[in-house]
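Spelled out, the chains give:
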Amino acid sequence: MKQTLTQIHGIPIHRNFVENLPYNPSLKIYVRNKRKAGILSEVLFWKQVRARIFHVIDFDRQRIIGNYIVDFYEKR
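Bear in mind that the values here come from a model prediction, so they are computed numbers and not experimental data.

### Remarks on the overall build of the chain
Part 1: Check the secondary structure of the chain and you find two helices and four strands.
Part 2: Its helices and strands taken in sequence order, the chain reads β-β-α-α-β-β from the N to the C terminus.
Part 3: Put simply, the chain has 76 residues, and 21% of those count as buried.

In structure tokens:
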């Protein structure tokens, strides 16, 4: 049974935890640079996430999954 974390506009958000995601360590330099060069919409979004205004969902920023860098990753 999935655990419901919160609801957004009446839609339940469930926990979907994946352990040991694939990771390409050679992308770390790109992740670091993407974090420093945040665009306005990302900066505003992250301010809401840090203040727990955005539906109490905890995100990682610029996470490496395999050979890709995802901008937002909900880590639960």
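### Describing the pairing of strand β3 (residues 59-65)
Part 1: A large share of β3 lies buried, amounting to five of its seven residues.
Part 2: Note: β3 against strand β4 (residues 68-74), six bridges, orientation antiparallel. Residue pairing for β4: isoleucine 64 is matched across the bridge by isoleucine 69.
Part 3: Between the antiparallel neighbours β3 and β4 lie two residues, among them glycine 66 with a positive phi of about 65 degrees.

### Things to note about the nonpolar core
Part 1: By size, the foremost hydrophobic cluster in this structure holds five residues: Phe45, Trp46, Val49, Ile57 and Phe59.
Part 2: In terms of residues, this core owes the most to one element, helix α2 (residues 40-50), which gives three residues.

Parameters at a glance
Residues numbered from 1 in each chain as written. Predicted model: local features only at pLDDT ≥ 70, side-chain atom pairs only at ≥ 80, totals over all residues. Heavy atoms only, no water. Helix = DSSP H or I, 4+ residues; strand = E, 2+ residues; numbered from the N terminus. Buried < 20%, exposed > 50% of the residue type's maximum accessible area, 1.4 Å probe, protein only. Pairing = 2+ DSSP bridges. Core = buried A, V, L, I, M, F, W, Y, C linked by side-chain atoms within 4.5 Å.

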